[in-house]
Amino acid sequence: QVQLVESGGGLVQAGGSLRVSCAASGITFSDYVMAWFRQAPGKEREFVARIKQRTDSTSYSDSVKGRFTISRDNAKNTVYLQMNSLKPEDTAVYYCTARYFDATTYDYWGQGTQVTVSS
């Protein structure tokens, strides 16, 4: 049974930092591309960042580039999202997701963790 469990969300003031984590189980973690998406109230879910399975190649949305950093620890089956210089518009539920390296869609999703940035 595949599980992705996010943690580390919370309330932070604008300009602050927060790190969210996602622990994976039930998959061979090092074979999976990991990503973070987010969904703000009344908006569609949007891509935030992605990290490839072995090369650690990363990709970011324009809205977070330069402020957020995605990383992974294959020994701990965990992916992280370090968020710096947070803005109120970063407020959303952040979801961890996994895609097998040669698949075209994300197969597994976590339950999400709330990040709220106050102005």
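Placed above this text is the structure.
Residues numbered from 1 in each chain as written. Predicted model: local features only at pLDDT ≥ 70, side-chain atom pairs only at ≥ 80, totals over all residues. Heavy atoms only, no water.

## A few points about the side chain of Glu6
Then, number 1: Among the secondary structure elements, Glu6 is positioned in strand E1 (residues 3–7).
Then, number 2: Arg45 provides the closest opposite charge to the buried, unpaired Glu6, separated from it by 7.8 Å.
Then, number 3: Among the polar contacts listed, one links the side chain of Glu6 to the backbone nitrogen of Cys96, at a separation of 2.8 Å.
Then, number 4: Within the structure, the side chain of Glu6 is placed 2.9 Å from the backbone nitrogen of Gly112, a separation counted as a polar contact. (Helix = DSSP H or I, 4+ residues; strand = E, 2+ residues; numbered from the N terminus. Buried < 20%, exposed > 50% of the residue type's maximum accessible area, 1.4 Å probe, protein only. Lys, Arg positive; Asp, Glu negative; His and termini not counted. Salt bridge = Lys/Arg side-chain N within 4 Å of Asp/Glu carboxyl O. Polar contact = N/O pair within 3.5 Å; in protein donor to acceptor, adjacent residues only side chain to side chain.)

## Details of the state of the cysteines
Then, number 1: Per the counting criterion, the structure on display carries one disulfide.
Then, number 2: A sulfur-sulfur separation of 2.1 Å characterises the disulfide bridge that pairs Cys22 with Cys96. On the sign convention where negative is left-handed, the bridge of Cys22 and Cys96, at about -75° about the S-S bond, is left-handed. Taken together, the residues Cys22 in strand E3 (residues 18–25) and Cys96 in strand E9 (residues 92–100) connect sequence positions 74 residues apart. Take Cys22 and Cys96: they sit in the same class, and that class is buried. (Disulfide = S-S within 2.5 Å.)

## Examining the packing of aromatic side chains
Then, number 1: One pass over the structure, following the stated rule, counts seven aromatic pairs.
Then, number 2: Summarising the aromatic geometry, the rings of Phe37 and Tyr106 are spaced 5.6 Å apart at their centres and angled 75° between planes, so their arrangement reads as edge-to-face. Residue Phe37 is found in strand E4 (residues 32–39), and its partner Tyr106 is found in the loop between E9 and strand E10 (108–109); the two are separated by 69 residues along the sequence.
Then, number 3: The class of Phe37 is buried, set by a relative accessible area of 13%. (Phe/Tyr/Trp six-rings, centres within 6.5 Å; stacked < 30°, edge-to-face > 60°.)

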